[in-house]
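# Tertiary structure, described
Residue strings, one per chain:
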Number of protein chains: 2
Amino acid sequence: MQDNISHIVSKLTAITGTEYVFTDMATRTHYGHDETEDYNFPPAVVVKPGNTEEVAAIMRLANEYKIPVVPIGGRTGLSGGALSIYGGIGLSMERFTKIAIDEKNLQATVEPAVITQVFREAAFEKGLFYPPDPSSQGSCTIGGNVAENAGGARALKYGVTKDYVLNLEVVLPTGEVIWTGANTLKNSTGYNLTQLMVGSEGTLGIITKIVMKLLPKNNYNVLMLVPFYKASQACEAVAEIFRAGIVPSALEFMERDAIDWTLKYVEGVSLTIKDEVEAHLLIEVDGNYPDVLFSEAEKIMGVLEQFDIDEILFADTEEQKNALWKMRRAVGEAVKSNSVYKEEDTVVPRYELPRLLQGIKAIGKKYGFHSVCYGHAGDGNLHVNIIKGNMSDENWTTEVPKGIREIFELTVSLKGTLSGEHGIGYVQKNYMDIAFGPTQLQLMKSIKTIFDPNNILNPGKILPDSY
Amino acid sequence: MQDNISHIVSKLTAITGTEYVFTDMATRTHYGHDETEDYNFPPAVVVKPGNTEEVAAIMRLANEYKIPVVPIGGRTGLSGGALSIYGGIGLSMERFTKIAIDEKNLQATVEPAVITQVFREAAFEKGLFYPPDPSSQGSCTIGGNVAENAGGARALKYGVTKDYVLNLEVVLPTGEVIWTGANTLKNSTGYNLTQLMVGSEGTLGIITKIVMKLLPKNNYNVLMLVPFYKASQACEAVAEIFRAGIVPSALEFMERDAIDWTLKYVEGVSLTIKDEVEAHLLIEVDGNYPDVLFSEAEKIMGVLEQFDIDEILFADTEEQKNALWKMRRAVGEAVKSNSVYKEEDTVVPRYELPRLLQGIKAIGKKYGFHSVCYGHAGDGNLHVNIIKGNMSDENWTTEVPKGIREIFELTVSLKGTLSGEHGIGYVQKNYMDIAFGPTQLQLMKSIKTIFDPNNILNPGKILPDSY
């Protein structure tokens, strides 16, 4: 392999120039991890192509030599999608950073390495709105968002990444370059290759351009933090708010631990929380008419009256709003900084949230682990952080996976599934048999084979090891 | 084949009972057409299964004997998707009519033969809203809507069928039964088989259950009809309204002929239109707050001031609104009743509409045909009805297809595509090379082969004859 790699390195250098090919251990290690637990799988070589043609040339080379290629974005993934588990070529897309906003059509053409927040702000400056806002928006990339079909806090009202992708330029594993669709809001022209590519976690092709739909921006919002004395009631309230005819722009759930740990971790946010409070909902409504928002906030308060809650905190200033969102977005990192952990990305129909939460706690008790739960409750998406804490390494590696399997079985029995927005990647792939039977898994495997006959693009992801 | 068919008929009878198998010419002819031009391709036998297991048994039988099967819904299609072009089994899904609305989760499980309007009304009665509203909503079925990824007048604000489908029960061509996803608003769990099935025009599987997302219903709308002295300005106004930050719930374009012919065709609607008026926009805003709607209507009027328009007609009563919508929905039928015609379903980014319209007229002049254009201008979707009128049969069969090809080439050059909501089916398949290169077409062909190795399910649709 080593000889082979020197040969490949010289070929890669011929494609991109020597300054964009790296074989030193520091660079390889840097590109060998994302935000998934403490994994590090360094690629044998890192290459940073500068345009679509270079990506295509790299894929033709990789195909010829049957070398694995892993596309790498912001490395903020939580399912190990960007890990080079078989070494090979780490294909960092970081030089793809152009944004072209088409104000006339409320669209944008974005390159994959654009940071999500940068794109959102660029749209905002033109009076336009790109809603998807993963918690990692300050460092994740649009390409990664498309690959994972990322969501975020606003998905319950505005949808997820897939709902904004109109068309994709893709380099296939064979090196061919295609556009998947058209730059139109509607499209009934052949099989939906665009949506097949979205959420395919870098296993079917390398995305080099993305045409996104944009909305007119709205100018106002109301944000409130609601403390619940019972976590189960916070979950119940979620469905009730929708049943009252309101579609909030965010409806986030945080267990007590999630907030406590985060307040310790984040600077500049202070909150006094009564000991008896078990959970919070962070609720936002947005729109163009402040009066309407106040009326919706009142309706929400009417719904909340039937639950056992403490005083609602309204964020009066932009500063307070930013502080609350900063806190919410930092939960993941805060939990991570506290202990070794595993994060699951369960999602169920929203009315089933209380049963999911209760079931997770019971499963934790059975297998001896503590979990911290938080997430996008408005769309039924609950992040479950399983905390290692003082658990023995043995229990961690033998008992916890059994518990995770039971959590996923519960999720699926509630008509939910394994991942709402993080993807399956490396760490969840051997649970896929819970969500799908052999027929669906074989269909997926066959689709993979069509696009990637030599299985060189991000191999060992999504499908169970037995496929 | 005839011997074979009697054998098949007896096998089908064993599956569904004799009362659901038909070989008489009247029935076969009835199921041999949809609303596509004047085509009639009768199946050799019509069968009406009563449940998923019967569909599965029929597919296993068809696979064993390599007999084509065409799934048949409301037969309102405009691209010939339900035509039994190779005879075989016409599989009418008409007994699949159950609706189960899950108010707690704002979802519904719907069987494919439910009429779209029936489903919309059932949701409405529970205070819920299923937005997609194809013009044929009174007779088309939800299953057909999923198969074609149908749109409608509200798509510009609320999206198309694909944006509401969460999960599908599907009988594969091999007779296996799968669910494609989960009943969740977000899903990043493997390749998106659900979205691959939506819009696949009955070529990848037979849909037997559909889990749909619903919204809380809104209670108010404002509807206005705007006469333009220049058709091109009506097209220009479309993009301007969005650029003013307004997202109407409908924004429909009708050329003068479309309205004139429809007023003659539809009873109970009368309108006086000045001779100089070339086109109309029908504009609707909807929501829960009448004051907001009036304010948005005013903003729209502000945008319209810059164009050369006649007096705006506001629909003051439900009756007036219904009359205007009845007129708009009847345009297709009215045009059809007037002459032999061909309908194209062009779609472009909305700012390109004026160029598309202008180009279509120039192409018509070049090839000697008259066209009547109307459609969902808010999402760039323009239906082009090419009128035979007094044209010779020879010109109709030789010159018109050249003109259609040029229209599609223009559409694609404007970053649009062949079909926004009608599908490709039988009549547009040999134009697919304009939208896609050999690589994409081969990918689609390979996907078809994975799902349907014997090419028995709705063969001869979507892909060009050379694939």
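Residues numbered from 1 in each chain as written. Chains lettered and ligands numbered in written order. Predicted model: local features only at pLDDT ≥ 70, side-chain atom pairs only at ≥ 80, totals over all residues. Heavy atoms only, no water.

Per an unreviewed UniProt entry, chain A is named FAD-binding oxidoreductase, and its organism is Flavobacterium cyanobacteriorum. Under the heading Cofactor (unreviewed entry), UniProt records this for chain A: "FAD". (UniProt positions renumbered as here; feature names shortened; annotations may be inferred.)

### Here's the deal with helix α4 (residues 116–125) of chain B
Residues and elements named next belong to chain B. For α4, the set of buried residues is Thr116, Phe119, Arg120 and Ala123. Viewed end-on, α4 has its buried residues packed into an arc of 100 degrees, placing them on one side of the element. Tucked inside the fold, the buried residues of α4 contact β5 (99–102), β6 (107–110), β7 (128–129), α5 (142–148) and β10 (206–213). Two residues or fewer after α4 comes Gly127, characterised by a positive phi angle close to 80 degrees. (Buried < 20%, exposed > 50% of the residue type's maximum accessible area, 1.4 Å probe, protein only. Helix = DSSP H or I, 4+ residues; strand = E, 2+ residues; numbered from the N terminus. Arc of directions from axis to C-beta. Contact = heavy atoms within 4.5 Å.)

### Observations regarding the UniProt feature "domain: FAD-binding PCMH-type" (unreviewed entry) in chain A
Listed under "domain: FAD-binding PCMH-type" (unreviewed entry) in the UniProt record, and renumbered for this structure, are residues 39–217 of chain A. In residues 39–217 of chain A, the share of helix is 22% and the share of strand is 23%. The end C-alpha atoms are 39 Å apart.

### Regarding the nonpolar core
Soluble globular proteins tend to pack their nonpolar side chains together in the buried interior. Core analysis: the biggest nonpolar cluster contains 178 residues, and Met212 and Phe253 of chain A together with Met212, Phe253 and Leu281 of chain B have the highest contact counts within it. If near-sequence neighbours (up to four positions away) are discounted, Phe253 of chain A is found in contact with Ala231, Ala234, Cys235, Ala279, His280, Leu281, Leu357, Cys373, Tyr374, Gly375, Ala377 and Leu382 of chain A. (Core = buried A, V, L, I, M, F, W, Y, C linked by side-chain atoms within 4.5 Å.)

### Description of the sheet that holds strand β3 (residues 69–72) of chain A
All names here are of chain A. In spatial order, the strands read β1-β2-β4-β3; together these 4 strands make up an open sheet with mixed pairing. Of all strands in the sheet, those with a lone pairing partner are β1 (21–22) and β3, marking the two edges. Strand direction decides the pairing type here: β3 and strand β4 (residues 89–92), joined by 4 bridges, are parallel. Within β4, the position partnered with Ile72 by the bridge is Ser92. Relative to the sheet, helix α3 (residues 52–65) contacts β2 (45–47), β3 and β4, its axis offset from that of β4 by approximately 170 degrees. (Pairing = 2+ DSSP bridges. Axes fitted to C-alpha atoms, helices over the stretch in contact; angles between N-to-C directions.)

### Overview of helix α12 (residues 353–367) of chain A
Residue and element names in this part refer to chain A. Taking 1.5 Å of rise per residue, 15 residues should cover 21 Å, and α12 covers 21 Å from first to last C-alpha, within 8% of that figure. Burial in α12 covers these residues: Leu353, Pro354, Leu356, Leu357, Gly359, Ile360, Ile363, Gly364 and Tyr367. Against α8 (231–243), β13 (250–255), β16 (341–347), β17 (370–376), β18 (381–387) and α13 (393–413) lie the buried residues of α12. Following α12 by one or two positions, Gly368 adopts a phi angle in the positive range, close to 75 degrees. (Expected span 1.5 Å × (residues − 1).)

### Observations concerning unusual backbone geometry
Residue and element names in this part refer to chain B. At Glu37, a residue that is not glycine, the phi angle is positive and equals roughly 45 degrees. Position of Glu37 relative to the elements: it lies in the loop between α2 (25–30) and β2 (45–47). Taking relative accessible area as the criterion, Glu37 reaches 17% and is therefore assigned buried. Non-glycine residue Lys415 carries a positive phi angle of around 70 degrees.

### Here we look at the pairing of strand β12 (residues 220–228) of chain B
All names here are of chain B. Judged by how many residues are buried, β12 sits mostly within the fold: 7 of 9 residues are covered. Sheet topology places β12 next to strand β15 (residues 313–314); 2 bridges connect them, and they run antiparallel. Bridge pairing in β15 links Met224 to Phe314.

### Description of the domain arrangement of chain A
All names here are of chain A. Assigned domains within chain A: domain 1 (2–92), domain 2 (104–216) and domain 3 (220–413). Contacts between the two partners involve 4 residues from domain 1 and, on the opposite side, 4 residues from domain 3. Note on domain 1 versus domain 3: buried area summed over both sides is about 400 Å², and carbon and sulfur give 34% of it. The largest contributions to the domain 1 side of the interface with domain 3 come from Glu35, Glu37 and Leu78, which together make up 90% of the buried area. Taken together, domain 1 and domain 3 are joined by 2 salt bridges. Put simply, Lys336 and Glu35 hold a salt bridge, and the shortest N to O gap is 2.9 Å. Summed over the shared surface of domain 1 and domain 3, the number is 2 residue pairs in polar contact (both at pLDDT 80 or more). Looking at the side of domain 1 that touches domain 3 residue by residue, the classes come out as 1 nonpolar, 1 polar and 2 charged. (Domains from an automatic or database assignment. Buried area = accessible area lost by both parts, 1.4 Å probe. Salt bridge = Lys/Arg side-chain N within 4 Å of Asp/Glu carboxyl O. Polar contact = N/O pair within 3.5 Å; in protein donor to acceptor, adjacent residues only side chain to side chain. Nonpolar A, V, L, I, M, F, W, Y, C, P; charged D, E, K, R; others polar.)

### With respect to the pattern of salt bridges
Applying the stated rule across the entire model yields 53 salt bridges over all chains. A salt bridge links Glu252 of chain B to Arg328 of chain B; the shortest N-O distance between them is 2.5 Å. With Glu252 of chain B in strand β13 (residues 250–255) and Arg328 of chain B in helix α11 (residues 318–338), the pair connects residues that are 76 residues apart, well separated along the chain. Assigned by exposure class, Glu252 of chain B and Arg328 of chain B land together as buried. Taken together, the shared-partner salt bridges connect Asp133, Arg154, Glu284 and Arg329 of chain A into one network.

### Description of the interface of chain A and chain B
Taken together, the contact pairs 83 residues of chain A with 83 residues of chain B. Carbon and sulfur atoms supply 63% of the area buried between chain A and chain B, which totals about 6500 Å² over both sides. Three residues, Lys186, Ser188 and Tyr191 of chain A, lead the burial of chain A against chain B; their summed loss comes to 15% of the area buried on that side. Counting across the interface, chain A meets chain B through 4 salt bridges. In this structure, Asp379 of chain A engages Lys186 of chain B in a salt bridge whose closest nitrogen and oxygen atoms are separated by 3.4 Å.

### Topic: the relation of the copies chain A and chain B
The transformation that overlays chain A on chain B combines an axial shift of 0.0 Å with a rotation of 180 degrees, and the residual RMSD is 0.0 Å. Given the turn and translation reported, the copies of this chain are related as if by a two-fold rotation axis. Most of the interface of chain A is mirrored in chain B, where 100% of its interface residues again form contacts. (Least-squares fit on C-alpha atoms with pLDDT ≥ 70 in both.)

### Some words on the packing of α8 of chain A against helix α10 (residues 290–304) of chain A
All names here are of chain A. At a closest axis distance of 10 Å, the pairing of α8 and α10 adopts a crossing angle of 135 degrees. One finds that α8 runs oblique with respect to α10. Helix-helix and strand crossings are classified by hand; for α8 and α10 the assignment is right-handed. Contacts between α8 and α10 involve Ala237, Glu240 and Ile241 on the former and, on the latter, Ile300, Val303 and Leu304. Looking at the contact of α8 with α10, its residues break down into 5 nonpolar, no polar and 1 charged. (Parallel < 35°, antiparallel > 145°, perpendicular 65-115°, else oblique. Left-handed = near helix turned anticlockwise from the far one by under 90°.)

### Considering the sheet that holds β10 of chain B
Residues and elements named next belong to chain B. Ordered by their spatial adjacency, 5 strands build an open sheet running β5-β6-β10-β8-β9, and the pairing between neighbours is antiparallel. Every interior strand has two partners, whereas the edge strands, β5 and β9 (177–179), have only one. Neighbour-to-neighbour, the strand axes of the sheet open up by a mean angle of 15 degrees, direction not taken into account. Where strand β8 (residues 165–171) meets β10, 6 bridges bridge the pair, whose relative direction is antiparallel. The residue of β10 that forms the bridge with Val170 is Ile207.

### Let's talk about the packing of aromatic side chains
Two aromatic rings, taken as a pair, are described by how far apart their centres are and by the angle between their planes. Residue and element names in this part refer to chain A. Under the criterion given, the structure shown has 16 aromatic pairs over all chains. Relative to Tyr426, the ring of Tyr39 lies with its centre 5.5 Å away and its plane at 85 degrees, an arrangement referred to as edge-to-face. You can see Tyr39 sitting in the loop between α2 (25–30) and β2 and its partner Tyr426 sitting in the loop between α13 and α14 (432–435), a full 387 residues away along the chain. Given the relative accessible area of 25%, Tyr39 is considered partly exposed. Under the relative-accessibility criterion, Tyr426 is labelled partly exposed at 23%. Between the aromatic rings of Phe119 and Tyr130, the centroid separation amounts to 4.8 Å while the plane-to-plane angle is 50 degrees, which identifies the pairing as tilted. Separated by 11 residues along the polypeptide, Phe119 in helix α4 (residues 116–125) and Tyr130 in the loop between β7 (128–129) and α5 (142–148) bring together distant segments of the chain. On the basis of relative accessibility, which here comes to 0%, the residue Phe119 falls in the buried class. (Phe/Tyr/Trp six-rings, centres within 6.5 Å; stacked < 30°, edge-to-face > 60°.)

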